[in-house]
Amino acid sequence: MKNADVAKRRDDAISRGVGMQTQIYVDRALNSEVWDIEGNRYIDFAAGIAVVNTGHCHPKVMDAVSKQLSKFTHTCHQVLPYEHYIRLAERLNAVVPGDFPKKTVFVTTGAEAVENAIKVARIATGRNAVIAFGGAFHGRTFMGMTLTGKVEPYKKGFGAMMPDVFHVPFPQEVHNISTADAMAGLTKLFKADIDPGRVAAIIFEPVQGEGGFYPAPKDLVKAIRALCDEHGIVMIADEVQTGFARTGTMFCMEQYGVAADITTMAKGLAGGLPLAALTGKASIMDAAHPGGLGGTYGGNPIGIAAANAVLDVIEEEQLCARANELGSRLKQKLESIRSTTPEISDIRGPGFMVAVEFANPSNHEPDAGFTNRVKNEAQKRGLILLTCGVYGNVVRFLAPITIPDAHFAEAMEILEASVAAARKG
């Protein structure tokens, strides 16, 4: 088989609404390497969008999946429960930030975790309104895309969004948007559009993912916490992309000194199997009546087994420390490239959730064309990169945290060569 042949079949069979970042059709993968159906080998700096933080096919995760497969694949926990579902909930209740009793609900996708977090916040407060941030990404369901602060491609053409959702600016230092601007947006919102006593939740990403890898400033997060406490609003931290050692701590919120009332998670939780969760204050999480939460596949036993193994790997292999080490080395390489690349306008991100932003050096406007050239040049050389950002001018780096040093060094050489080639046009 050839990639081009399968691409043609894909065009004929799959809705064009399912976007594509590459035309590389994977045959197999191991840790940070993937091989396509033509036998070409790539270093993976996408990790399924921060899903395989523990690497493709980690032996401990694969062993846990294999053992569970030999026992049972599905019963629906609400019908026939299983102990390792409860054990994973206990572990998440212990590691999710917050010095208070917690409870957990398992679902299947990040968008579903966000949807349920909003449901819980609404029933716990008896309120409807929700506040989110410009540039945010919270999923493709109707509530998810309403909360998302980016029109294309997520909202365009899909009709009216859900009611009672409001957006305020998110701080972006490189674009001169400050915490003061974000808080002024909230103040204006409360003066002009919504009584804070009608707000059920404020939801934010500690580091915006699809929006461009902009970290939330500490003073913003603390101000949101104080505002939520003042008005009885549920604070929701969307850690779908930031969770599970990616930012150098198990959850990014550990770095802020305050805790959210509800934390949503998915992606890195189960090492590549579809599993998501929301964990929060027990008093809030218990507001829903029995049967109001859950789903047929929520907490599938195979995904639960994989997730328990993922937590073991993160601890045993000290992946939080590894993320900080790799992120530091990546930033050093980017700073070195920056010395000869005026198109680099910013380098940012905690742990191994790092991004580089490109702008036209003559007018400082976002440069999506240059960004795509870097991505394409890297792919030619065997390195898979992802772009993001409202303007499409950010490359985000999401390699498995388990990437071997030799593969990381090889990737850095390819990255440097790719930026140089992109500059030549």
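Residues numbered from 1 in each chain as written. Predicted model: local features only at pLDDT ≥ 70, side-chain atom pairs only at ≥ 80, totals over all residues. Heavy atoms only, no water.

1. Some points on the overall build of the protein
Under the convention used in this document: Secondary structure elements are defined from DSSP: runs of H or I of at least 4 residues count as helices, runs of E of at least 2 residues count as strands, and each element is numbered from the N terminus. Each radius of gyration is computed over the set of C-alpha atoms, and the globule rule expresses the reference value as 2.2 Å times the number of residues to the power 0.38. Partly exposed residues are those whose accessible area sits between 20% and 50% of the maximum for their type, while under 20% is buried and over 50% is exposed, using a 1.4 Å probe and protein chains only. Note on definitions: a residue-residue contact is assigned when non-hydrogen atoms from the two residues lie within 4.5 Å. The Shrake-Rupley method, run with a 1.4 Å probe sphere, supplies the accessible areas, and residue values consider only the shown protein chains as cover. When charges are counted, Lys and Arg contribute as positive and Asp and Glu as negative, whereas His and the chain ends are disregarded. A charge is said to be at NZ when it belongs to Lys, at CZ for Arg, at CG for Asp and at CD for Glu.
Check the secondary structure of the protein and you find 13 helices and 15 strands. Rg of the C-alpha trace for the protein: 21 Å, near the compact-globule value of 22 Å for 425 residues, within the 12% margin. Expressed along its principal axes, the backbone C-alpha trace of the protein runs to roughly 60 × 55 × 45 Å. Counting across all 425 residues of the protein, residues that qualify as buried make up 55%. Pairs at least 24 residues apart make up 71% of the contacts formed inside the protein by residues separated by at least 6 positions. Taken as a whole, the protein presents about 17800 Å² of accessible surface, with 52% of it coming from carbon and sulfur. Of note, the protein has its 43 positive side-chain charges centred 2 Å away from the centre of its 46 negative side-chain charges.

2. Section: a nonpolar patch on the surface
Put simply, the rule reads: Residues enter patches when their relative accessible area tops 30% and they take part in no salt bridge; the joining distance is 9 Å for like charges and 5 Å for the nonpolar side chains Val, Leu, Ile, Met, Phe, Trp and Tyr. Here a salt bridge means any side-chain nitrogen of Lys or Arg lying within 4 Å of a carboxyl oxygen belonging to Asp or Glu.
On the surface, a cluster of nonpolar side chains totalling about 290 Å² of accessible area is made up of F142, F158 and M162. With respect to the helices and strands, F158 occurs in the loop between α6 (142-147) and β6 (165-168).

3. Comments concerning the packing of helix α3 (residues 59-69) against helix α10 (residues 301-316)
For clarity, the threshold we go by: A fitted line through C-alpha atoms serves as each axis, taken over the contacting stretch for helices, and the angle formed by two N-to-C directions is quoted from 0 to 180°. Orientation labels follow simple angle bins: below 35 degrees gives roughly parallel, above 145 gives roughly antiparallel, 65 to 115 gives roughly perpendicular, and whatever is left gives oblique. Two helices crossing with the near one rotated counterclockwise from the far one by less than a right angle form a left-handed crossing, whereas a clockwise rotation gives a right-handed crossing. All amino acids are sorted into three groups, where Ala, Val, Leu, Ile, Met, Phe, Trp, Tyr, Cys and Pro are nonpolar, Asp, Glu, Lys and Arg are charged, and the leftover types, Gly among them, are polar.
For the pair α3 and α10, the least separation of the axes is 8 Å and the interaxial angle reads 155°. Taken together, the axis directions place α3 and α10 in an arrangement best described as roughly antiparallel. Crossing geometry of α3 relative to α10 is assigned as right-handed. Counted together, K60, V61, A64, V65, Q68 and L69 of α3 and P301, I302, A305, A306, A309, V310, D312, V313 and E316 of α10 form the full contact between these two elements. Tallied by class, residues from the contact of α3 with α10 come to 11 nonpolar, 1 polar and 3 charged.

4. Notes on the pairing of strand β12 (residues 354-358)
For clarity, the cut-off: Should DSSP find at least two bridges between two strands, the strands are regarded as paired.
With respect to burial, β12 is a largely interior element, 5 of its 5 residues being buried. Pairing of strand β11 (residues 344-348) with β12, which is carried by 4 bridges, proceeds in the antiparallel orientation. If you follow R348 over to β12, its bridge partner there is A355. Where β11 hands over to β12, the hairpin turn is made up of 5 residues, of which G349 adopts a positive phi near 120°. Relative to strand β15 (residues 394-397), β12 runs antiparallel, the two being bridged by 4 bridges.

5. Details of the environment of A121
Within the fold, A121 resides in helix α5 (residues 110-125). By relative accessible area, which is 0% here, A121 ends up buried. A sequence separation of 113 residues divides A121 from V234, and the C-alpha atoms of the two residues are 6.0 Å apart. In contact with A121, not counting residues within four places along its chain, are A200, A201, V234 and I236.

6. Examining the packing of aromatic side chains
How two aromatic rings sit relative to each other is set out by the distance from centre to centre and by the angle between their planes. Our working definition: Side-chain rings of Phe, Tyr and Trp, where Trp is taken by its six-membered ring, are said to pair if the distance between their centres is within 6.5 Å; with planes under 30 degrees apart they count as stacked, over 60 as edge-to-face, and otherwise as tilted. We call a charge positioned over a ring when the NZ of a Lys or the CZ of an Arg lies within 6 Å of the ring centre and within 35 degrees of the ring normal.
With the rule as written, the count across this model stands at 11 aromatic pairs. Judged by centre distance (6.4 Å) and plane angle (80°), the ring pair of F45 and F352 falls under edge-to-face. Here F45, found in the loop between β3 (41-44) and α2 (47-50), pairs with F352, found in the loop between β11 and β12; they are 307 residues apart in sequence, far enough to count as distant. For F352, a relative accessible area of 0% puts it in the buried group. Judged by centre distance (5.8 Å) and plane angle (85°), the ring pair of Y82 and Y85 falls under edge-to-face. Take Y82: its relative accessible area is 6%, and that puts it in the buried class. One aromatic cluster is present, formed by F45, F352, F397 and F408 through successive ring pairs. Lying across the ring of W35, R28 places its NZ or CZ 4.1 Å from the centre. When the ring centre of F100 is taken as origin, the NZ or CZ atom of K281, which lies over that ring, is 5.2 Å away.

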